[in-house]
Amino acid sequence: MSEVRDVVCPFCGCLCDDLVILVEEGKIAGVKNGCALSITKYLNYNRERISKPMVRKNGELEETSLEEAVNRAAELLANADYPVSYGWSNTSCEAIATGIELMEEVGGVIDNTSVVCHGPSVLGVHEVGHPTCTLGEIKNRADLIIYWASNPLQSHPRHLSRYTVMARGKFRKSRDERTLIVVDVRKTYTARVADYFIQIQPGKDYELLSALRTAVRGEELEQEEVAGVKREHIEEVADLLISCEFGVLFWGVGLTMTGGKYRNIDLAISLVRDLNAYTKFVMMPMRGHYNVVGANAVFTWQTGYPYAVDFSHGYPRYNPGETSVTDILVRGEADAALIVASDPASNFPRKAVEHLSRIPVVLIDPRWTSTTDIAEVVIPTAMLGIEVEGTAYRMDGVPIHMKKVINPPDGLKPDVEILRMILDRIRAMRGG
Ligand code: SF4
């Protein structure tokens, strides 16, 4: 049995880079340093795999050659009037860059999973920016950590031990030197280990953020209770925030996808800005998919916009709500779709899935999912971070090289190569 050391985990936005993978006869036999999520991913990486490209004929998916699948995908996308593309958060930056080129070539819309998670965070940050830093600085310096509407012990299990309350930093060495505050609608696993748990009424984040701002600025709160939290408790927490040396606010989709949406983020940014009049305070969204930050970064470099980019006018346009893929599908406007490393059929709104099932879908993904069942063309790929290498961005925007651990099954190529083949085919069809 051999060991591959310093492997980067391709699961959540923490991108833990200290995994040790045990390999026996070309297969993964064990994982050291991983959390339950990463161990499950590595030990089951080969389940539900698709081994051959498939094209739908007479209503059934039939195995075919890679060349035929690529040709069919190229035809469908090139001949569509308004194709859309979605996914991109579970693949490499190199693949994302090629996908943007492809969708620009066919004059379609390209969107990533931000549209269903931290899109409102991005919109809030557009307004005024946000003070942030790396996870390394938080590990070394933060003495007060807030998780707002986020439950990292279940969604990002090593976040606390690698980067926050339980991390051994340069200047903060133990749990006793850090205060943990959790704001959530229920007592989550993370709330159980918090020093202060603030149980907020569902959908009242905006109200509580406003009340905290009021208290932080030394103004009097008139209400006895805001969002289900007593005035004394709000004032006590405001005192804690002001008196820390280095504070950080992490927020999850519980803040972005509830009433208020990007206005919640706007207000959270304002709170952190107010706190910087007294102390050092930063903030960071808890990004889920391991390369969703990379998707936002590459989209922005190449088009100027982080998601929901529409090339149908011949130049990039961005107007979430109008140019987001979910909205386009709900309105029934798209006439073909390219899905990469995602399963929208299992989590998009019902009307969007209904339309997706009516139009030709090209799916590039290693596994069989609900989206496979409605796809016209399916091209399986090798897995980034396990079978192929590439680049991904950690939740704090630090680019990290993902290692290859084992060889992919015969015939499976990385996403970036498949996308390049489709793009080249489209260009050849157009004579250029
Ligand atoms: S916390 Fe996230 S990146 Fe780290 S090992 Fe667990 S699943 Fe992987």
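Residues numbered from 1 in each chain as written. Predicted model: local features only at pLDDT ≥ 70, side-chain atom pairs only at ≥ 80, totals over all residues. Heavy atoms only, no water.

Student: How do you make sense of the overall build of the chain when you look at a structure like this?
Tutor: Helix and strand counts for the chain come out as 17 helices and 21 strands. Based on the C-alpha atoms only, the size of the chain along its principal axes is roughly 70 × 55 × 35 Å. Counting only residues that meet the buried cut, the chain has 55% of its 432 residues in that class. Long-range pairs, those at least 24 residues apart, make up 67% of the contacts in the chain with a sequence separation of at least 6. Approximately 17,600 Å² of the chain is accessible, and the part contributed by carbon and sulfur atoms is 46%. Put simply, the chain has 47 plus and 57 minus side-chain charges, and the middle of one group is 4 Å from the middle of the other. (Helix = DSSP H or I, 4+ residues; strand = E, 2+ residues; numbered from the N terminus. Buried < 20%, exposed > 50% of the residue type's maximum accessible area, 1.4 Å probe, protein only. Contact = heavy atoms within 4.5 Å. Areas by Shrake-Rupley, 256 points an atom, 1.4 Å probe, with all protein chains shown as cover. Lys, Arg positive; Asp, Glu negative; His and termini not counted. Charge placed at Lys NZ, Arg CZ, Asp CG, Glu CD.)

Student: Looking at this model, I keep getting lost on the domain arrangement of the chain. Mind explaining?
Tutor: Many descriptions give the size of an interface as the accessible area lost when the pieces come together. In terms of domain boundaries, the chain breaks down into domain 1 (2-43), domain 2 (54-116 + 290-429) and domain 3 (119-285). The interface of domain 1 with domain 3 comprises 11 residues on the first partner and 8 residues on the second. Both sides of the domain 1 and domain 3 interface together cover about 720 Å² of buried area, and 61% of this is carbon and sulfur. Counting the surface domain 1 buries against domain 3, the share from its top three residues, Cys 14, Cys 16 and Cys 35, is 52%. (Domains from an automatic or database assignment. Buried area = accessible area lost by both parts, 1.4 Å probe.)

Student: For this particular structure, what's the right way to read the packing of helix α3 (residues 93-105) against helix α13 (residues 292-303)?
Tutor: Packed helices, taken two at a time, are described by their axes: the angle between them and the distance between them. Where α3 meets α13, the axes come as close as 9 Å, and the angle between the chain directions of the two elements is 40 degrees. On the basis of their axis angle, the class for α3 and α13 is oblique. Here α3 runs over α13; the crossing is right-handed. Contact residues: α3 offers Cys 93, Ile 96, Ala 97, Ile 100 and Glu 101, while α13 offers Gly 294, Ala 295, Val 298, Phe 299, Gln 302 and Thr 303. Residue composition of the contact of α3 with α13, by class: 7 nonpolar, 3 polar and 1 charged. (Axes fitted to C-alpha atoms, helices over the stretch in contact; angles between N-to-C directions. Parallel < 35°, antiparallel > 145°, perpendicular 65-115°, else oblique. Left-handed = near helix turned anticlockwise from the far one by under 90°. Nonpolar A, V, L, I, M, F, W, Y, C, P; charged D, E, K, R; others polar.)

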